[in-house]
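# Structural overview for review
So you can see what is in the structure, the chains are spelled out below.
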Amino acid sequence: MRIDVKECAEILAQKDNILILTHAHPDGDTLGCGFALCRALLKMGKICSVINSDEIPKKYNYLYKDIAPIKFKQDYVVAVDVATENLLGTLEGQYHIDMCIDHHTTNTEYADMLLLEDVPAACQIVFEVIKALGVEIDSKMAGCLYTGLTTDTGCFRYASTTAATYYAAAQLIELGADNGKINRIMFETKSKTYARLERLALDSMRFYEDERVAIITITQEMYKLTGSNEQETEAIAPLTRQIEGVEIGVTIREKPDGTCKASIRTYDSVNAAQFAKEFGGGGHSQAAACRFDCGVKEAREKIVQKCGEFLK
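Residues numbered from 1 in each chain as written. Predicted model: local features only at pLDDT ≥ 70, side-chain atom pairs only at ≥ 80, totals over all residues. Heavy atoms only, no water.

## Regarding the sheet that holds strand S1 (residues 18–22)
Taken in spatial order, the five strands line up as S2-S1-S3-S4-S5 in an open sheet, and their pairing is parallel. Pairing within the sheet leaves two strands with one partner each, and these edge strands are strand S2 (48–51) and strand S5 (113–116). Sheet twist, expressed as the average angle between the axes of neighbouring strands with direction ignored, equals 20°. The strands touched by helix H1 (residues 5–14) within the sheet are S1, strand S3 (76–80), strand S4 (99–102) and S5, with S4 carrying the most contacts at an inclination of about 140°. Against the sheet, helix H2 (residues 28–43) makes contact with S1, S2, S3 and S4, and its axis sits at roughly 170° relative to S1, the strand it touches most. (Pairing = 2+ DSSP bridges. Helix = DSSP H or I, 4+ residues; strand = E, 2+ residues; numbered from the N terminus. Axes fitted to C-alpha atoms, helices over the stretch in contact; angles between N-to-C directions. Contact = heavy atoms within 4.5 Å.)

## Some words on the nonpolar core
Ranked by internal contacts, the top residues of the largest apolar core, which has 53 residues, are Leu12, Ile20, Leu37, Val78, Met99, Ile101 and Ile130. Setting aside its immediate chain neighbours within four residues, isoleucine 101 contacts Cys8, Leu37, Val78, Ala79, Val80, Asp81, Leu115, Ile125 and Val126. (Core = buried A, V, L, I, M, F, W, Y, C linked by side-chain atoms within 4.5 Å. Buried < 20%, exposed > 50% of the residue type's maximum accessible area, 1.4 Å probe, protein only.)

## With respect to the pairing of S1
A large share of S1 lies buried, amounting to five of its five residues. Inspection of the sheet shows S1 paired to S2 by four bridges, in the parallel sense. Bridge pairing links isoleucine 18 to cysteine 48 in S2. With respect to chirality, the unit in which S1 leads through H2 into the neighbouring parallel S2 is right-handed. (Right-handed = clockwise from strand over helix to strand, strands pointing away.)

## Digging into the sheet that holds strand S10 (residues 282–283)
The strands that make up a sheet pair up through hydrogen bonds in the backbone, lying either parallel or antiparallel. One open sheet accounts for six strands, arranged S6-S7-S8-S9-S11-S10; its pairing is mixed. Looking along the sheet, the strands with just one partner apiece sit at the ends: strand S6 (206–208) and S10. As defined by bridge partners, S10 adjoins strand S11 (residues 287–292) across two bridges and the pair is classed as antiparallel. Bridge pairing in S11 links glycine 282 to alanine 289.

## Observations regarding the packing of aromatic side chains
If you walk through the whole model with that rule in mind, you get six aromatic pairs. Judged by centre distance (5.9 Å) and plane angle (55°), the ring pair of tyrosine 146 and phenylalanine 156 falls under tilted. On the criterion of sequence distance, the pair formed by tyrosine 146 in helix H4 (residues 139–152) and phenylalanine 156 in the loop between H4 and helix H5 (163–174) is long-range, its members being ten residues apart. The exposure class of phenylalanine 156 is buried, given its relative accessible area of 14%. Lying across the ring of phenylalanine 127, lysine 131 places its NZ or CZ 4.3 Å from the centre. (Phe/Tyr/Trp six-rings, centres within 6.5 Å; stacked < 30°, edge-to-face > 60°. Lys NZ or Arg CZ within 6 Å of the ring centre and 35° of its normal.)

## Some points on helix H6 (residues 179–187)
Among all positions of H6, only Ile182, Asn183 and Met186 are buried. Here the buried residues of H6 occupy an arc of 95° about the axis, which is enough to place them on one side. (Arc of directions from axis to C-beta.)

## A look at the pairing of S4
Along S4, one buried face is formed by Met99 and Ile101 and the opposite face, lined by Cys100 and Asp102, is buried too. Pairing of S4 with S5, which is carried by four bridges, proceeds in the parallel orientation. Looking at the pairing, cysteine 100 lines up with leucine 114 of S5.

## A few points about the packing of H2 against H4
Geometry of a packed helix pair, given as the angle between the helix axes and the separation of the axes. Running from N to C, H2 and H4 point in directions that differ by 160°, and their axes come no closer than 8 Å. One way to sum up the angle between H2 and H4 is to call them roughly antiparallel. In the packing of H2 onto H4, the handedness of the crossing is left-handed. For the pair formed by H2 and H4, the contact residues are Gly28, Asp29, Gly32, Phe35, Ala36, Arg39, Ala40 and Lys43 on the first element and Lys140, Met141, Cys144, Leu145, Thr147, Gly148, Thr151 and Asp152 on the second. Residue composition of the contact of H2 with H4, by class: six nonpolar, five polar and five charged. (Parallel < 35°, antiparallel > 145°, perpendicular 65-115°, else oblique. Left-handed = near helix turned anticlockwise from the far one by under 90°. Nonpolar A, V, L, I, M, F, W, Y, C, P; charged D, E, K, R; others polar.)

## Concerning unusual backbone geometry
Positive phi values are uncommon outside glycine, yet histidine 25 reaches one of about 50°. Take histidine 25: it is sitting in the loop between S1 and H2.

## So, the pattern of salt bridges
Per the counting criterion, the structure on display carries twelve salt bridges. When the shortest N-O distance is used, the salt bridge between aspartate 138 and lysine 43 registers 3.5 Å. Separated by 95 residues along the polypeptide, aspartate 138 in the loop between helix H3 (122–133) and H4 and lysine 43 in helix H2 bring together distant segments of the chain. The closest approach of N and O atoms between lysine 302 and glutamate 298, which form a salt bridge, is 3.4 Å. (Salt bridge = Lys/Arg side-chain N within 4 Å of Asp/Glu carboxyl O.)

Rendered as structure tokens:
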């Protein structure tokens, strides 16, 4: 059932013992949504917690380090920034999901209640929900929400960024979000292990379809050589789209079990969400992802073939 911001706030106001689910391989938007909403509900006196199937990268510690862990039996489950259940990773199938707050038009409507708006970041929606709850937004809440806005818009560089997004960011800065510090952490600070991984990733880049397609491959061996891990690959996917003439950029990440996941980045000439949908995935018009139950080599062959069809 589709609901709007007002209805979402009214439902949450009536619930307690709320568990918030964020998607696997977490980014700034899903975590920003989760912890901003959690902070708001805690401020209302409710019992609430955020969980993720993966270890959260250290750079996001500021979103939650002051929130004490709470053990409780959930009565209501909310997924944020999760388009399909399989994006929950190992949490998939463990919970009945009562509500989903999302901005992916490819959402499969798996939750009982769905608040869906086609905006650049889910945090933009959660911002409105928190305001509708009547909660006073403090600097930590504002920082969570700003994190989602800036990361899902590439520091407001993507074409999906709207005037409303800039206005929301401006309000959050006025409410105390430390935009300079957050942008520095998200876009300018690299760990030594990531720097080593990025070098190997760029060395792996191969071009196809008259160099209109760029594909980076990240293997488990690369993680071992650099001391890095999948948590640090978030910043690698946009690199493919920075190459002159590239219309489809793909980063293939090998999983420990030998299967892999592909992150797709495109420009206006190709819809990344439609491309990912061909392989059971989804996302946005210029940023999407999908999974493959096969090895890296086979996945790359399938992707290259599909790129040829999309670029005809």
